[in-house]
Every structure is written in structure tokens, then in C-alpha cells.
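# Tertiary structure, described
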There are 4 protein chains.
Amino acid sequence: MGNSFGTLFRITTFGESHGPGLGVVVDGCPPRLALDVVAIQVELDRRRPGQSRLVSQRKEGDQVEILSGVLDGLTLGTPIGMLIRNQDARGKDYDDIARAYRPSHADYTYDAKYGIRAIAGGGRASARETAGRVAGGAIAQQLLAQHGVTIVAWVDEVAGIKATVDDAMIERAAVDTNDIRCPDTPVAQTMIERVERARKDGDSVGGVIRVVERGVPAGWGEPVFDKLEADLAKAMMSLPAVKGVENGSGFAGTLMSGSEHNDLFYKRADGVIGTRSNRSGGIQGGISNGEPITMRIAFKPTATIMRAQDTVDADGNPTVLEPKGRHDPCVLPRAVPIVEAMVALVLADHALRHQARAIPHH
Amino acid sequence: MGNSFGTLFRITTFGESHGPGLGVVVDGCPPRLALDVVAIQVELDRRRPGQSRLVSQRKEGDQVEILSGVLDGLTLGTPIGMLIRNQDARGKDYDDIARAYRPSHADYTYDAKYGIRAIAGGGRASARETAGRVAGGAIAQQLLAQHGVTIVAWVDEVAGIKATVDDAMIERAAVDTNDIRCPDTPVAQTMIERVERARKDGDSVGGVIRVVERGVPAGWGEPVFDKLEADLAKAMMSLPAVKGVENGSGFAGTLMSGSEHNDLFYKRADGVIGTRSNRSGGIQGGISNGEPITMRIAFKPTATIMRAQDTVDADGNPTVLEPKGRHDPCVLPRAVPIVEAMVALVLADHALRHQARAIPHH
Amino acid sequence: MGNSFGTLFRITTFGESHGPGLGVVVDGCPPRLALDVVAIQVELDRRRPGQSRLVSQRKEGDQVEILSGVLDGLTLGTPIGMLIRNQDARGKDYDDIARAYRPSHADYTYDAKYGIRAIAGGGRASARETAGRVAGGAIAQQLLAQHGVTIVAWVDEVAGIKATVDDAMIERAAVDTNDIRCPDTPVAQTMIERVERARKDGDSVGGVIRVVERGVPAGWGEPVFDKLEADLAKAMMSLPAVKGVENGSGFAGTLMSGSEHNDLFYKRADGVIGTRSNRSGGIQGGISNGEPITMRIAFKPTATIMRAQDTVDADGNPTVLEPKGRHDPCVLPRAVPIVEAMVALVLADHALRHQARAIPHH
Amino acid sequence: MGNSFGTLFRITTFGESHGPGLGVVVDGCPPRLALDVVAIQVELDRRRPGQSRLVSQRKEGDQVEILSGVLDGLTLGTPIGMLIRNQDARGKDYDDIARAYRPSHADYTYDAKYGIRAIAGGGRASARETAGRVAGGAIAQQLLAQHGVTIVAWVDEVAGIKATVDDAMIERAAVDTNDIRCPDTPVAQTMIERVERARKDGDSVGGVIRVVERGVPAGWGEPVFDKLEADLAKAMMSLPAVKGVENGSGFAGTLMSGSEHNDLFYKRADGVIGTRSNRSGGIQGGISNGEPITMRIAFKPTATIMRAQDTVDADGNPTVLEPKGRHDPCVLPRAVPIVEAMVALVLADHALRHQARAIPHH
């Protein structure tokens, strides 16, 4: 339970960090979609460890194999199975973890829940689990392209260092121009230096990712529980290390009065109804209003640090966890494609759900 | 689609603001739970309009009728239907809305999605919809009491005015001592004055609700998509006016280093493993760790204000929306029991999901 | 759990036989459907007890009240709540049942499962529960009419007495011309006499209902688990007293060779591909093929009989159940609209699921 | 959509007949179950083609690879991914099918639904799809063994030739003693001769499988829609070639009066309440009553025959389908483990659903 996401466009993922591999089954993808397998691999490559000094040095090719659901480049409407084999699994790095619960990791809670866990690499609790999401999300993005939807995420803050980015204009190419995935180049350099410093200190930093979805037509979202922002919030909070999420004005909006906060409607030059401001973040009453959908996502500093930490073992006895293995001093650059993937999965699902609703007239 | 919430402990709500009534069906409540119907009514009374000058003056008794699933004070294990009739439905106050889209309301998006809407009172998009959630959540709270779980929410910020509240100690009785539902009495008075001022100005304010769940055992939550914080975030973001949600350290946590943020494990005096700090907000890897679960929820200022606002009609023609009817200058006091209800629904569902997992040994 | 049916067009029912009432919430009905409330009532009247001497003499008006989701005769796209109050609840008739488990009823199994049950009238296990299904199914039928789908069920066998009916031509009006709901008039008379005899004997009879769906386009059904026949079979077997279900050739088909059984394709006069025979019963590989969908449903003889029966009480002690109260000597006439309702719910759901699949081309 | 089955113990399958492979993800299996991988392979071997002259001669090793969710022989509580590679994929045998719709196959309906299909081997519509079900069902059977549940299916009829088998005593070992999987040895020989004759004639035969589940405790099943027999019926009707299903007395029960059909309760020697007959087939009101659960499942004669058949091509033009490739003259022997697997999946799911319901007392 808990390893599927979505109602009509639905993924089910499986796989442990140091087991045979990671996989995903995409059920509900419409048939006859021209599927670009290279584009799936591109997203996996953006998520992969070892891309730069900023992130984990684990060596994983993360080559995706399509097992089903696609023929001659077209989707069949049947489930699309995808598999990514694990390669660089260093079980021995994790010997100590068997004894010492890593602070702010899921070692203790997995033991509490399941009474067993795959210790090496954190097992299913490893962020490596997200590879399946990214592969599934890459397909969702190709479906959404048919609807004219584009999704761009970027690193907007690292340890309080803030970028200035125009969400109406930002393109993914600009995001990928540097290792930190922040399109504000001078700020990106400061961020990179901050991450480097954390890495040298054996410490880690957190930050904020912003994501914008443009081209979503007015009308997607299913009140009252499956509001678009509700499903997006769940998608974001299901990611490792996420501790907060905002849509539109978010927490800052609580400081405004209603007369300041309200988004006034007007008729745009193209005749479509728009809003003069977008504090609603593209969603009103749980339904997209045609404006860009905007979100901010808070990532805590990576729990794995290269410092000795006090903790306990499974019996509750005090012990010290000595640093070992590899770590990401800042997960945000690798989280950018993961955020985009999850957003795409939510939108693709809601596109299908909305489509289901039309009444024929016989 | 979209009107059910939960997997095993599952509610389905129905009803428009100015239709015959609001209702909820609770499916999955275990049998033989001694159900306190008065306690359900108490929660509805806490949510009801007209409690004080701070909130809408609509007159609604909000008396709940149990239609099924309960016999002689005990649940039967069958679905519990509940109905709350609408009484004070002033359709005529809403004549203008038929023509003018209210800014930052769901009038436009409902039209875009459904091509039709119940104009009076916002129909299904009205916060009145949450009555069904509160009735269902009240049952969930009674189930959770059997697990030793208590849930307390309170108004922690109004328009930037911040309370100081100890989430380890706060009780619901303290919250309900004033109209704003902030247990920090002096700050509550300042908040009340701020809301009064907004009301006199025909304006509105937003703020932040905090909620804490104590007594949740380690082990609830279903990785990787139905993580406890993910389902809680969805529950919160499905509420009207919510624009942001945090678990534990939230956005503030992004400013810390990993070495500062990590929650160190230790053996508590009672022999149970605990953490010395609680930046994780009671959840690690999507699973409760036995510490209090903490969240902050951002509510935007009420969209309904008593001021003229520029907008368009359904044809996109410019018009001015003149203020009319009743409004909540600040929704937060009434949102407190709604937040508690939604949290309870998530936890009750996860309690059942976790319970399903045991292996018998024949 | 277990009180909802359908994925996109989804009903949730509630209510006990002798509680305040029975209800249903229909979620997922498309908006702007012109809803004929009288037609809903007509279906409930066809299911109602007391229609003729053949069925239970319980007096129930079964008047439906629409609680939500409809405005000025049009669906809103929001959940449609409907309520049917119970009137003739004779609790005292059921005193003995508290002590003696009725043979082939659900008294014992409800106790085994829930440890509690609403004894009067069988509570939730009563066939009275199906009123909510019929109300929901009536809406589904109105939606399906927009697709050009018609559904007709009839009593085809009673206690081995078999009718001859052409499923290509049968209309609902012909079914309703007699109390037994068998359109083969001479055979119907024999059936009626057989039921009368059972009634006089204090006994009961079973039989077979056939149902045909015409106008279903090729393409509905979701392999591999939600095949159209699979969902139809589940719908039928979820009805009280049903012990068997067939699609197309059913059990008789097992006696044929493949060369006899195969349905050969040909181009029909209207240019559409059809089959020369219909042993497939309108479904191939889980997907409708455009031919009429045909099913046969076996109903056991009513468990309630007016004879003394050996049984045990809740402690397992031997006792004799004396006959009391009212009973249906043959449930089939009243089951006809229930079968139609369940078939409609399955088809409406699959219509929406199929519709969700189209790819836009931007 | 449609490729997952179950609510809490849930499988998702993928794979085409002649694609890279077939797979299944089992989500919801409890942790710490000692998993016997050999036993999974045994079930796959029982389903495999090429076991005897009676079935298809396709050469497939059907070796299962566990991709996740298991460590050192124990389940982790995380999803169990399993993969079976295809080996003997003779695409060229299927050239004609591209042009001619095979009678009573899913070629036409897949085209009608998806507008595309994997022609070779029937793609996803091939019974080869059931390999994933068998692997998942094998795990479900190991979980059910912990509950003391055993499941045995056998071929009870072939082309009208009927076996005599005592469902209270039958063991799986007796079933597997001959190629037709009928434990009534003399009748089995007649059946085998009948299948041989069909094979020589280039024709095919159908029949009936019976299945019994012993040891299911009273109390499993979720009224009113997810009744145990309803979910079992869906499971059976989702299998290729199934056209009918019965629980307990089935269609034969419609010929009995209520006084003959009712199962009288009594206290068994072990003090447990039982029934003197079992026309209910182990289920009353949708809930197991502790008696053996019995079902009969009708399989049509295999649609693939080695004879020329009139049909049309995708444009509706008349053509003749010439026989080619391999075929099963009788699918029933291979369907036995598939039926057992599907029954196990339903029961495992209901075991967990029932377990979720207990109320703790704090």
C-alpha cells in the first residue's frame, strides 16, 4: 500500500536502493502517443547521482529499459513497465547503520512500522526510489506537451541565498546551464560556493525549489478533496526531504489584506478571461484558472552528514554514528527533475479526469 | 469524482451552500465504537457561523441527523450517513454574482470546468461544504481517542501577529477560551482587534493555524506516495483558502545546516526511543516516529470583502462587483475545528491501514 | 469499506432496513445532464415492495428526495445526494431473530464479522439496501441514454419454467405488462401460478433474470482486470440472492467446440463490423464489440420462508425459528430494476473511463 | 487503467505476449513473511505452455526474477516486483492476424478501443498475460497459508464430460497427477482423449473448473459491493475465456425451493457454528461463514483453432483466416493454477481488509 500515485494516469513504483533495480509501471497512458524514449533517459540523467561535485558521487548509469506498453515508438494504451538496474551498490558502507539509527533518516521509523528493513542505502526510503517517479513523469510530460503544457522547476533558494527569476519566462534550458540548477547566474555562483563549503565542512544545506506550469487550461482539478493544489501538495510532500509547500502567495499571503490579495479579473487581449495578479497561483477553488500554476517547495538540509552524531541502536542504547559513504551536501539540483516529474504526474492525471466528464449528445 | 477522502476510513461529502442540505457518508468506521453524538454536534457548533462578531452572521443551527450505521449508541461497521439541513439560505443576496465573477473565488473556474454552477452562496465551492468534513472528522476523533491520540489546532498568527504556544502542552479548552481561538490570551486580544478593524474596513485578513497531534504511535504512514505528511498536506490544501502547509521545521528549516537540523535519537526515561529535537515534526520517511506531529497551515485573507471590486462578467465584459451579503473578515477561528477534523480523518485512515498489515501465525 | 461502487461514475450507499432511511451519493455524474427526477422515482416504484401479491407486502412509499448536485433540472457536476426515508418499520416482527440465526441469511456472518448487527429487518443485509442502487442507477441510465444505450432485464426462468424472449427486440414496456416481469405472456402466467403456490406453501422459489444492453459502442471495458464482463459479474454477484452469472454462451458454451462457438465477423449493411452469432455476449477480451451485451443471472429461492426451521442461537444452542413477518416468495420481479440499475452503473462508469483516454493534438 | 487488482493486497501487472517480458508488482504484502521463491516458480511452471501434448507447445522457461521487496528470504513490506522474460516469440506466425480479425479474439475490440495493438501473439490480450497474476497469486497463497487457508482447483468438466470430486477432501497433489488436472482418474482419461481428438480435428473444447477454499474463517468479505462472492466473480470473469461463474448452488439452485435450499445451522462437534448443507457455497450476505467456499467457472472452447475461418480485415473486407502457429486445444489444465492464483489474491486482500477493522482499547 502506498506505492501507487494517480487515479487514471497512475504509476506504481518498486525497488530498493541496493537491490536488483528500480522500476515503475505506468497505467492509463492513452494509446498512440509517440513516445520519445531518449527524452525519458534525459530526465533520468538529470536526476542521476555523480553529475557534478555538488551531489552524491555514486556511479549509476540509470539506463531505462522499456518492458511493455510501447510498440514501434507508440504507446499501446496498455501498462508501460520500465526498469532501471542498480549497479554501484556498496553494501559494506552501511554496516554501521545496521546498529545505529541515523538521525532524521527513516531507519527507526521503518523498523517501527515493518519490523524489518533493507539496511543498505536506506532501502526503499532512499531518494534513489524517485528514479521510477522520474521515468513515469517523463511520459506524463510527453502527454502534457500534447495539451500545450510546459513545466519548469529551478532552485530558487539555497540556505537563504535567494534567486530572482521571472516565472512567466523561465525555460528549462536556462535552469540547466549550471550545476546548482538556478537560472539566476550570479546568485547560482554564490549558491554553489555555499554548497561547496558545506561539503568541505561535512555538513549539508537545504533550500527552496520553485516550479511553474504554463499552458494548463482553465478547468483542471476535482473539488472538493482532489483539488489541484491538494494533489500537487501531496505530490511534493511525498518527496524525500520536503517539509513545506506553497501555492501562489503561500505563507507570505497571510500578511496581506483581502483587498490587496484578491486577483482581479479582466479580459485579456486574446479575449480570454485572465487575472491582473496571480496570488492564487493559477488555481481557484481547486480548479486551474488558466494562469501559470506556481509553487514553492521547502527541502530540509540533507540528513546524511560527514560528522559524528550521537544516536541510539535498535535496542535504544546510546552510540555514535561515524560518517561513512557518499552524500549529497545539497539535494536540490537533483530534486529539480523530480519535482517536475511529480507535477507532471498530477497534471496528466487531472487532464484525463477532466476529459472523462463530457456528455455526448446522441 | 473528488468528493471522497481516505482509503479505509473514508468519507464522501455532498451538498451545496444554499441547497437542501449538506451531508457525509463515513465508510470504514470499525464496529462497536461507542459513538458520542453530542460530541459530533459540538464540533459542528465550533465550525458554525454566527458564533461571534468575528465571523459570518449567517444563522445556521447545523443540527446533525444520523441516518444510518449506528444503533443504540454503537457503530455497526456499516456506513454512517449524516445530514445537516440548510436553513438560512438567502439566495437574493447573490443576484449580482450571477453576472460578476467574484475575484479570487471559484465562480469563474467552476464555470470553466462544469459549464454550470450553483450561484447562491458559492454552491459547492462555499466553505459551508466543510460541515460534512467536520461531522466525519468528529467520528474519526472518537476512534483515535481509542488509540490515545489527541489533536489540537489553534490560530497562531493573524495578519502577522504571532502567538507563543507550547505545542507539547496545549489543550483544546485553552483554545476555545476566546473568539479568535488563540490560546495566547494577550496576543489573542490584539488579533481580535485586528480582525475587528478589518471588518469595519470592509476588508479581511489571513493567518496561520498550527496543529499538533500527540499520542500517535511510531509506525503510521505508507511510503512512498501515501507518506503521512503527504496525506496531511493534501488534507490541508483541500481546505478553502489554504495556500501553504508545513510539517516540522517547514520553510524555516531550509535556513539551517544538516548538523543543526538533524533530530538526535535518545532513550527516553520510559525506555522508548525519542528525539531530542522535533524538526522532523513527528514524521521521518513518511512514517510517524512517536513524537508530536506538528504542522502550520497558511490561510489567505478571505476573498469576500465589503468593497467594490473591478471584475468581468461571464462574457468577459468589465463590470464592478458591489459588496453585499455576509462575510467572514477572518476565517481562521472557524477553520480550527475543520483543520482538526481533516487531520483526524488522515490519522484514522492510517491507523486502519497500518493495522491491516499484521501477519497471523497459524 | 465496501459501500462504494465505480471508479469515475461512483455511488456510495448507506442505510439499514429499519433505520431512518436509505441513501446514495452519486459522484462523477457529468454536469449539465437534464435530470428527470420522475424517472428516478419510476425505477424506485418498480423496485418497491407491495406492488403485487407476488412480493413482500411491506408498505413503503420510497419517495426520493434530491439533497444536492442538481439545480433547475440540471446536474451540477457535484455529488448528487439522494435520500429515501423508511416508513413501515415493524421492529417487533424481528424479535425472534435476535435469538435464532435465520438459515441462509446473513445474521450469523454479520455477527461473525462485526460483532454487532441491526437485527430489525436484516439491517444493512436486507435487500432494502438496493433502493440506493436503484436511485443511482436511474441517473446512470439517463446518462447512458445520451450514448444511445438501452438496458432491458426480465424474468426468464422461475423454478425451471422458461420463457422464450428475443433479446434483440425486447422492450421494457413488454416486461412490465405483468406482475412477474416476464414478457412471454403465457409462460408468465405459469410462473405467477408457481409463485402463488410457493406463497401458499409458505415456501419460496428462485429463477433466472436475463438482461441485454443494446447500443453500447465497441470499445468500452478496461483490460485486464476491469474487463467489462468482470465488472458486470461483480455488479450482479453483489446483489442479494445471486449465486451465478453468465455472459454470452455461459455454461452452455462449454459444451460446444471452438469451431461451433466462434463468432464470425462480417461487414453489416451499415458498413460497421459485426458478428454473425453472439456467443461472446457482446464482449471480447473484456471490451464491448458493438453487439448486444447479454447476461443471465441466477437468483436462489428467497431464504425467508413461512415454515419452522431448525437453527441455532448466537451461543450455538439448537432452537427453532418460527415463521413471522412478511416475505417475498420470489424476489425476481423486484430484482429486474435492480439488475438494470447495476448494469447501468457499470456501463456509465466505463463510458467515462473510456472517454478519459483521448489524446489532444495541440 | 484496469491493470491493478485488489485494495490492500494489490497487484499491478504489465507485459505483452511477444514483448520483452511480463511482470507484476505486489503492493501491500505484509512484512516479515518468509517467502518461498521456489513455490512461486512451481506455480509458474504449472501455468507454463509446453507441459504436455494437451496444451500450447510454445517454449517458455518462465523463470521469475524478484526485483524488489524481499531480503534474505523475508518480505520487507515494500512492493515486490517480479519479472518473467519472454523467450520464444515467433512474430512471423502472426503476420496474417495483422490483416484478418481472428473470430472470438480481442483483435477487433482492441483496435476499436485503442486504435492500435501489439499484433504478435495477441499482445496484452494473450492469456500469457496471466503469468504475472500467477506470480502474485503465489505470494498471496503463502500469506493465506499463515491463516490456515488452502485453495484447490481442478478440471471438473471437459466438453460435457463430468468428474466426480469431493470438495471437502480434494488435495492439489491429486489434481496434478494427470495432464488434464482432473483428480477423477478414469474420467480424466476420457477427457484427455476428448482433447486429443479436438487437437487432431484442429478444433478446441471448453469446460468447467471447480475451486474450493478451505479454512477461510467466518467474517471475510465487505458488504455491500465488495461482497466476497462479488470480488471472486470479478476475479474469475477477468480471466481469458471465462463466460460464467457460480458460487455454491449456482444456476442449479434456481430449481430448488427455499425450504430445500436453505442451509440449516447447527453446532459442530468442535463447538463452532456450521451449516448442515453448503448451498451457500461458504458465503452468506457477502461474508464467509466458515464453510468451504465453492465455485464453478465456465471456460469457453479456445478461440484459436486450426481451421480456416471466414472473417474480415480491419477495413471490414471479407477474408479467410488460415490456421497457423500453436494453440491450446483446451485451456483448462493451464487455467487451474490461474484460478487458484486469482482466488488467492481476492482472499489475501479481504484478509487484510478485515484485519484493518479492529478497535484498540487504550
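Now for a quick tour of the structure. Values in this document were obtained by computation on a predicted structure and should not be read as measured data.

## A few points about the overall build of chain A
Of regular secondary structure, chain A possesses eight helices and 18 strands. The globule rule puts the C-alpha radius of gyration for 362 residues at 21 Å, and the 21 Å found for chain A is close to it. Counting only C-alpha atoms and orienting by the principal axes, one finds that chain A spans roughly 65 × 50 × 35 Å. Split into buried and exposed, the 362 residues of chain A put 68% on the buried side. Within chain A, contacts between residues separated by at least 24 positions form 70% of all contacts whose residues are at least 6 apart in sequence. Total accessible area on chain A is roughly 10,700 Å²; 50% of this is exposed by carbon and sulfur atoms. Between the mean site of the 42 positive side-chain charges and the mean site of the 45 negative ones, chain A shows a separation of 1 Å.

## Side note on the relation of the copies chain B and chain C
Overlaying chain B on chain C yields an RMSD of 0.0 Å, the required transformation being a rotation through 180° with an accompanying axial translation of 0.0 Å. What we have between these two chains is a two-fold relation. Minimal C-alpha separation from the rotation axis in chain B is found for Thr12(B), amounting to 3.8 Å.

## Observations concerning helix H1 (residues 37-47) of chain B
All names here are of chain B. All of the buried residues in H1 are Ile40, Gln41, Glu43, Leu44, Arg46 and Arg47. On its buried face, H1 sits against strand E4 (64-66), strand E7 (80-85), helix H3 (130-146), helix H4 (172-175) and helix H8 (332-355). For H1, the N-terminal cap is Asp36; the gap from its side-chain oxygen to the backbone nitrogen of Val38 is 3.0 Å.

## Some remarks on the packing of H3(B) against H8(B)
Residues and elements named next belong to chain B. Two elements in contact, H3 and H8, have axes separated by 7 Å at closest approach and are oriented at 50°. Taken as axis vectors, H3 and H8 run oblique relative to one another. The chirality of how H3 crosses H8 is left-handed. Of the residues in H8, those in contact with Thr130, Arg133, Val134, Gly136, Gly137, Ala140, Gln141, Leu143 and Leu144 of H3 are Pro337, Ile338, Glu340, Ala341, Met342, Ala344, Leu345, Leu347, Ala348 and Leu352. In terms of residue class, the contact of H3 with H8 is built from 13 nonpolar, four polar and two charged.

## Considering the sheet that holds strand E7 (residues 80-85) of chain C
Residues and elements named next belong to chain C. If you walk across this open sheet you meet the five strands as E1-E2-E3-E7-E4, and the pairing is antiparallel. The sheet is open, and its two edges are formed by strand E1 (4-5) and strand E4 (64-66), each paired on a single side. Direction of pairing for strand E3 (residues 21-27) relative to E7: antiparallel, over a ladder of six bridges. When the bridges of E7 are listed, Gly23 appears paired with Leu83.

## Some remarks on the sheet that holds strand E2 (residues 10-15) of chain A
All names here are of chain A. With antiparallel pairing, the five strands of this open sheet are ordered in space as E1-E2-E3-E7-E4. With partners counted over all chains shown, the strands left at the sheet margins are strand E1 (4-5) and strand E4 (64-66), one partner each. With two bridges joining them, E1 and E2 adopt antiparallel strand pairing. Its bridge partner being in E2, Ser4 is matched across the sheet by Thr12.

## With respect to the packing of aromatic side chains
Under the defined criterion, the tally for this structure stands at 22 aromatic pairs over all chains. Arranged with centres 5.2 Å apart and planes meeting at 55°, the rings of Tyr110(A) and Tyr114(A) form a pair that is tilted. Within this pair, Tyr110(A) and its partner Tyr114(A) are both found in helix H2 (residues 107-114), separated by four residues, close to a single helical turn. Geometrically, the ring pair formed by Tyr101(B) and Tyr108(B) is edge-to-face, given 5.4 Å between the ring centres and 65° between the ring planes. Like Tyr101(B), the residue Tyr108(B) is buried in the burial classification. In this structure an aromatic cluster arises from ring pairing among Tyr101(A), Tyr108(A) and Phe265(B).

## Here's the deal with the side chain of Arg353(A)
For Arg353(A), the location among the structural elements is in helix H8 (residues 332-355). Using a relative accessible area of 4% as the deciding quantity, one classes Arg353(A) as buried. In terms of polar contacts, Arg353(A) uses its side chain to reach the side chain of Thr7(A), at 3.5 Å. If near-sequence neighbours (up to four positions away) are discounted, Arg353(A) is found in contact with Thr7(A), Leu8(A), Glu222(A), Asp226(A), Asp231(A), Met1(B) and Gly2(B).

Rules and cut-offs
- Residues numbered from 1 in each chain as written.
- Chains lettered and ligands numbered in written order.
- Predicted model: local features only at pLDDT ≥ 70, side-chain atom pairs only at ≥ 80, totals over all residues.
- Heavy atoms only, no water.
- Helix = DSSP H or I, 4+ residues; strand = E, 2+ residues; numbered from the N terminus.
- Rg over C-alpha atoms; globule rule 2.2 N^0.38 Å.
- Buried < 20%, exposed > 50% of the residue type's maximum accessible area, 1.4 Å probe, protein only.
- Contact = heavy atoms within 4.5 Å.
- Areas by Shrake-Rupley, 256 points an atom, 1.4 Å probe, with all protein chains shown as cover.
- Lys, Arg positive; Asp, Glu negative; His and termini not counted.
- Charge placed at Lys NZ, Arg CZ, Asp CG, Glu CD.
- Least-squares fit on C-alpha atoms with pLDDT ≥ 70 in both.
- Polar contact = N/O pair within 3.5 Å; in protein donor to acceptor, adjacent residues only side chain to side chain.
- Axes fitted to C-alpha atoms, helices over the stretch in contact; angles between N-to-C directions.
- Parallel < 35°, antiparallel > 145°, perpendicular 65-115°, else oblique.
- Left-handed = near helix turned anticlockwise from the far one by under 90°.
- Nonpolar A, V, L, I, M, F, W, Y, C, P; charged D, E, K, R; others polar.
- Pairing = 2+ DSSP bridges.
- Phe/Tyr/Trp six-rings, centres within 6.5 Å; stacked < 30°, edge-to-face > 60°.

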